[in-house]
Amino acid sequence: MAKYGEGDKRWIVEERPDGTNVHNWHWAETNCLEWSRTFFTNLLSNLPILQGEANLFIKTTSLHNLDGEAYINIRKGKIIPGYEINLTLNWEGEAKDSEGTSLLKVNGTVEIPYISDENADEDPDLRVTVNDEGPIGKRIKDAMVSKGKPLILEKVRVWVQSMAKGGPVKEELDTKKPSSAAQPKQNQATSAPEMDAVKKDGGSVEKKGRKVISLTERFNCRAKDLYEILMDENRWKGFTQSNARISKEVGGEFSIFDGSVTGTNLELQEAKLIVQRWRFGSWNDGVQSQVRLVFEEPEPGVTIVKLTHTDVPDEDRYGNATVVENTERGWRDLIFQRIRAVFGFGI
């Protein structure tokens, strides 16, 4: 991920003399790190975890540190969050006996070493430490893990969702949105049929709020070899280093990337065509896309793959507006490039 303030100047337009970025047409980047520190301080300071259950009293006390980078890019009104942060919390706990006498007081830390926009739909790892690893201290720590972890991760998801909606610039964006009452009547009349579909130049129809990814990739191999790799769960496990379950039958189901992607085989022609229904677990309920892979072998040992991935949503269930970019990057880096590297099919 590019670091804040180090963007390619060819893509960042200098501000106008009057300071106006009309309709947010140009890149507008806002550093959100200090805002994030304040946000997490408010969310995670003095957060009650247990208040007497099993004679245990546990709470977070303060945000110890938050480092990394966090920013919001605005382009043509589109919110593009970027972040890689780590944070550490302080917490304290106490165990009492049935009469209310204190048995042990402890303190410790909760570390979340990596929160990234690339994994916005996944809960980050969380590590808990305690300053007393004796039997009672361990019991308090175990309670902090079992009861505190879900509460803390819930607060992290609140921050992720807030970043997806614009973070500290959301209020500014809301004030710049044109009022619906100010729209010309003819625009209101023509917008109704556009709610369901948008006509594209080639005559195909793209659903509103969905996008199409098209890629053409070259491999130094036979088409049947590449086809077999994409349809073989053991080789999927090998080049992705993740669990996979793949049916080789039309109508059969598949699950890849540890279940993050699931779907169904719609059409299969060995060494020529794969058509599948794809769905990411982070997408809204009911949202599905379609993948079409066409294999061409212009000469022996050279295969051209043409990917068309249709109905990719603009946003996931968490409001992240980077679904299309992340999906395209996944095809390039996590599938095609890894196949080349692992099986020696050329770079």
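Higher on the page you've got the structure.
## Things to note about the overall build of the chain
- Across its full length, the chain holds seven helices and 15 strands.
- The proportion of buried residues among the 347 residues of the chain is 39%.
- Summed over all atoms, the accessible surface of the chain reaches about 19400 Å², with 47% contributed by carbon and sulfur.

## A few points about the nonpolar core
- Counting 41 residues, the largest nonpolar core has Phe40, Trp91 and Trp159 as its most contacted members.
- The set of elements that each furnish at least two residues to this core consists of helix 1 (33-44), strand 2 (48-51), strand 3 (56-75), strand 4 (78-96), strand 5 (102-116), strand 6 (127-130) and helix 2 (135-164).
- No other element matches the nine residues that helix 2 contributes to this core.
- Each residue touching Phe40, except ones within four places of it in the same chain, is listed here: Ser45, Leu63, Leu66, Ile85, Leu87, Lys155, Val156 and Trp159.

## Concerning the environment of Val261
- Counting through the fold element by element, Val261 comes out in strand 12 (residues 261-269).
- Residues Val261 and Gly281, spaced 20 residues apart in sequence, show a C-alpha to C-alpha distance of 6.3 Å.
- What Val261 contacts, discounting residues up to four positions off in sequence, is Phe254, Ser255, Ile256, Trp278, Arg279 and Phe280.

## Some remarks on the side chain of Ser247
- Locating Ser247 in the fold gives a position in the loop between strand 10 (245-246) and strand 11 (253-256).
- Among the polar contacts listed, one links the side chain of Ser247 to the backbone nitrogen of Glu249, at a separation of 3.1 Å.

The rules behind each value
- Residues numbered from 1 in each chain as written.
- Predicted model: local features only at pLDDT ≥ 70, side-chain atom pairs only at ≥ 80, totals over all residues.
- Heavy atoms only, no water.
- Helix = DSSP H or I, 4+ residues; strand = E, 2+ residues; numbered from the N terminus.
- Buried < 20%, exposed > 50% of the residue type's maximum accessible area, 1.4 Å probe, protein only.
- Areas by Shrake-Rupley, 256 points an atom, 1.4 Å probe, with all protein chains shown as cover.
- Core = buried A, V, L, I, M, F, W, Y, C linked by side-chain atoms within 4.5 Å.
- Contact = heavy atoms within 4.5 Å.
- Polar contact = N/O pair within 3.5 Å; in protein donor to acceptor, adjacent residues only side chain to side chain.

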